[in-house]
Amino acid sequence: MPTHSASIPAPSLAPVLTIDDLSIEFPAYRSTVKALNGVSLHVNPGEIVGVIGESGSGKSVTAMLSLRLLPERSYRVTAGSLNILGRDMLAAQEKELLKVRGRDVAMIFQEPMTALNPTRRIGRQMTDVIIHHQRLSKDQARSKAIALLRDMHIADPEQVLESFPFELSGGMRQRVMIALAFSCDPQLLIADEPTTALDVTVQRQVLLLLREKARERGTAILLITHDMALVSQFCDRVYVMYTGAVVEQGDTAQVMADPRHPYTKGLLSGLPEQVRPGEALMTIPGQVPNLSALPDGCTFRDRCAFAMPKCLERPPLLAIDAAGVRKSACWLNAAEQAS
Ligand code: SF4
């Protein structure tokens, strides 16, 4: 098992996060929501990996389950495994989970107000987290908090420490969250729609900052988003999810230049740069099917312009291409499906 260093991420070639054939379901009244259906993904040390999909694709469930943040009795794991730094996260006890969260893996949420306590000053919240994970005195923790905020290009960190969350702008709150996330030098940072609540300019600044600090420290990032533009600008690799399964994965530049799955093509066609002047932005027709009554065959077929009889009969597998590089789950890529 890789060892953890409090200051410098341990050099390791093993993935920091490995999810293998994971399926989970949420029992509901007279039905079962099949939220994840055989998901496999990994994040290597220092990599920035995007997971993209519409609401109901399973991307946020994957993020939350990685740190066991879903209500414990609300779901059942029906297959597969989930490992972080060699730890079996599905079997870990609460004490072990508390050590992993924040120290080895940090999480940034869409709206920092939900993660920050609105009634406590930023300084108190930051020093509490730093003291919880590191053996530092109050003064040392405060100095570290100031250094972290300065490192996030915050000009007046002392004033921010004295502020309550509601006194800061959305962009500044997210910078504080990023500082907090990096405070214990995690090896993996999970960012779930971290900039959705921000305007476009601030969104880009915050993501550039996140990437800059991750690259400096060698921290891996799992970026959960519905925005293909963010993936194209910030991620090394991408997993495209639909109805709780990965339908395409690969190097971001390759996926952007040559998407293999019609769903990925649909997501890309919504990007402004894909549209000629005067043309309307494309959207994917229809809706994500009900996860408690998934259709037979390919779950995308009711929305797919290329659907054929075979798509109704059997679900396509996530298969690798002849070059051994790209993976997609679509009968159109018949050679991959046959291999
Ligand atoms: Fe479309 Fe068929 Fe491919 Fe599914 S398997 S994405 S329905 S062509």
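Everything here concerns the structure above.
All values derive from a computational prediction rather than experimental measurement.

Applying the stated criterion to the full structure yields five aromatic pairs. For the ring pair phenylalanine 164 and phenylalanine 166, a centre distance of 5.8 Å and an interplane angle of 10° mean the geometry is stacked. Look at tyrosine 242 and phenylalanine 300: their rings are 5.1 Å apart centre to centre, the planes differ by 85°, and that puts the pair in the edge-to-face class. One end of the pair, tyrosine 242, is in strand 9 (residues 237-242); the other, phenylalanine 300, is in the loop between helix 11 (262-269) and helix 12 (309-313), with 58 residues separating them in the sequence. Put simply, the rings of Tyr242, Tyr263 and Phe300 touch in pairs and so form one group of aromatic residues. It is arginine 217 that lies over the ring of phenylalanine 182; its NZ or CZ is 4.8 Å from the centre. A cation sits over an aromatic face here: lysine 265 above phenylalanine 306, 5.7 Å from the ring centre.

Let us now look at the sheet that holds strand 5 (residues 87-88). Pairing in this open sheet of four strands is antiparallel, and the strands run 2-1-4-5 from one edge to the other. The sheet terminates laterally at strand 2 (31-43) and strand 5, the two strands that pair on one side only. Pairing between strand 1 (residues 17-28) and strand 2: ten bridges, direction antiparallel. The residue bridging isoleucine 19 from the neighbouring strand is leucine 41, located in strand 2. This element, helix 1 (residues 59-66), spans strand 1, strand 2 and strand 4 (76-84) of the sheet and lies at about 110° to strand 1.

Attention now goes to the pattern of salt bridges. Tallied over the full model, the rule gives 25 salt bridges. For the salt bridge of glutamate 72 with arginine 68, the shortest nitrogen-to-oxygen distance reads 3.0 Å. Take glutamate 72: its relative accessible area is 42%, and that puts it in the partly exposed class. We classify arginine 68 as buried; its relative accessible area is 10%. Among the salt bridges present, the one from glutamate 212 reaches lysine 213, with a minimum N-O distance of 3.0 Å.

Procedures and definitions
Residues numbered from 1 in each chain as written. Predicted model: local features only at pLDDT ≥ 70, side-chain atom pairs only at ≥ 80, totals over all residues. Heavy atoms only, no water. Phe/Tyr/Trp six-rings, centres within 6.5 Å; stacked < 30°, edge-to-face > 60°. Helix = DSSP H or I, 4+ residues; strand = E, 2+ residues; numbered from the N terminus. Lys NZ or Arg CZ within 6 Å of the ring centre and 35° of its normal. Pairing = 2+ DSSP bridges. Contact = heavy atoms within 4.5 Å. Axes fitted to C-alpha atoms, helices over the stretch in contact; angles between N-to-C directions. Salt bridge = Lys/Arg side-chain N within 4 Å of Asp/Glu carboxyl O. Buried < 20%, exposed > 50% of the residue type's maximum accessible area, 1.4 Å probe, protein only.

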